[in-house]
Amino acid sequence: MPSHQLRDTATQQFLARDLADYPAAEAALDRLHDELERDLAANGEGTGRIRLRLDAEKVTAGLTEAGGYHLLVLGVDDHAGPPPAL
């Protein structure tokens, strides 16, 4: 049975594993985004320039298949206009 996982593209660190399907991976991305913004706010840190690229991967019988990536832009409401280019 396939599962999904999220991995930080830069560090290769797993952020979520054994997710039932792609909608579960999207929900995990939403939770990660909210947790990061809360943690940064609790530390009094601004978030206007933080961008994270996360890989969404499908795992079937131990083989990993790229499922695309998501770019989390934290604190996007802190400035006007589109997020800064990567």
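My aim in this report is to walk through the structure given alongside it, one point at a time. For clarity, every value in this text was computed on a predicted model and none was experimentally measured.

1. Details of the overall build of the protein chain
Next, step 1: When its secondary structure is counted, the protein chain shows one helix and four strands.
Next, step 2: Taking all 86 residues of the protein chain together, the buried fraction comes to 29%.
Next, step 3: Partitioning the contacts of the protein chain with sequence separation of at least 6, the portion at a separation of at least 24 is 46%.
Next, step 4: If you sum the accessible surface of the protein chain, you get close to 5,700 Å²; carbon and sulfur atoms cover 52% of it.

2. Some words on the pairing of strand β1 (residues 3-8)
Next, step 1: By the criterion of burial, β1 is predominantly enclosed, with six of the six residues buried.
Next, step 2: Burial along β1 is two-sided: Ser-3, Gln-5 and Arg-7 and His-4, Leu-6 and Asp-8, pointing in opposite directions, are all buried.
Next, step 3: Taken together, the three bridges between β1 and strand β2 (residues 14-19) define a ladder with antiparallel strand orientation. Bridging from a neighbouring strand, Arg-7 pairs with Phe-14 of β2.
Next, step 4: Here β1 folds back onto β2 in antiparallel fashion, the turn holding five residues, of which Gln-12 has a positive phi close to 65°.

3. Details of unusual backbone geometry
Next, step 1: With a phi angle near 55°, Asp-18 is a residue other than glycine that sits in the positive phi range.
Next, step 2: Here Asp-18 is to be found in strand β2.

4. Digging into the environment of Asp-18
Next, step 1: Assessed through its relative accessible area of 68%, Asp-18 is described here as exposed.
Next, step 2: On a C-alpha basis, the gap between Asp-18 and Ser-3 in space is 5.3 Å, while along the polypeptide they are 15 residues apart.
Next, step 3: Leave out the neighbours within four places in its chain, and Asp-18 touches Ser-3 and His-4.

5. Here's the deal with a negative patch on the surface
Next, step 1: Side chains of Glu-26, Asp-30, Asp-34, Glu-35 and Asp-39 sit close together on the surface and give a patch of like negative charge.
Next, step 2: Take Asp-34: it is sitting in helix α1 (residues 22-42).

6. A word on the side chain of Gln-5
Next, step 1: If you trace the backbone, Gln-5 turns up in strand β1.
Next, step 2: Among the polar contacts listed, one links the side chain of Gln-5 to the side chain of Glu-57, at a separation of 2.7 Å.
Next, step 3: Here Gln-5 is in contact with Phe-14, Ala-16, Arg-17, Leu-19, Asp-55, Ala-56, Glu-57, Val-59 and Thr-64, once residues within four sequence places are set aside.

7. Side note on α1
Next, step 1: An ideal rise of 1.5 Å per residue puts 30 Å on 21 residues; α1 measures up with 30 Å between its terminal C-alpha atoms.
Next, step 2: Every buried residue of α1 is listed here: Ala-25, Ala-28, Leu-29, Leu-32, His-33 and Leu-40. Viewed along the axis of α1, the buried residues span an arc of 145°, placing them on a single side of the element. Residues Pro-23, Asp-30, Arg-38, Ala-41 and Ala-42 are exposed on α1 and point more than 90 degrees away from its buried face.
Next, step 3: Its buried side turned inward, α1 meets β1, β2, β3 (50-60) and β4 (63-74).
Next, step 4: Taking the backbone nitrogen of Ala-24 as reference, a side-chain oxygen 2.9 Å away marks Asp-21 as the first, capping residue of α1.
Next, step 5: Within two residues after α1, Gly-44 carries a phi angle of roughly 70°, on the positive side.

Conventions and cut-offs
Just so you know, the residues in each chain are numbered from 1, in the order the chain's sequence is written. Given that the model is predicted, a residue must reach a pLDDT of at least 70 before its local features are reported, and side-chain atom pairs must reach 80 or more before they are shown or counted; all residues, however, enter totals for whole chains, interfaces and linings. With hydrogens and water excluded, all non-hydrogen atoms of the structure serve as input to the side-chain values. Per the convention used, a helix needs a DSSP run of H or I reaching at least four residues, while a strand needs a run of E reaching at least two, with both numbered from the N terminus. Classification of residues uses two cut-offs on accessible area relative to the type maximum, computed with a 1.4 Å probe and protein chains only: under 20% is buried, over 50% is exposed, and between them is partly exposed. Contact definition: two residues touch when any of their heavy atoms are within 4.5 Å. All accessible-area figures derive from a Shrake-Rupley calculation using a 1.4 Å probe, and residue coverage is judged against the displayed protein chains alone. Two strands are said to pair when DSSP picks up at least two bridges between them. Like-charged residues are merged into a patch within 9 Å and nonpolar side chains (Val, Leu, Ile, Met, Phe, Trp, Tyr) within 5 Å, provided each residue has over 30% relative accessible area and no salt bridge. A carboxyl oxygen of Asp or Glu within 4 Å of a side-chain nitrogen of Lys or Arg is what we treat as a salt bridge. A residue counts as positive if it is Lys or Arg and as negative if it is Asp or Glu; His and the chain ends are not included. Each charge is placed at NZ for Lys, CZ for Arg, CG for Asp and CD for Glu. The term polar contact refers here to a pair of N or O atoms within 3.5 Å; inside protein, the definition further demands a hydrogen-donor-capable atom paired with an acceptor-capable atom, and it admits residues adjacent in sequence only when both atoms are side-chain atoms. A helix is expected to span 1.5 Å multiplied by its residue count minus one. As used here, the arc belongs to the directions running from the helix axis to the C-beta atoms.

Bear in mind that shape data such as this cannot, by itself, settle questions of function.
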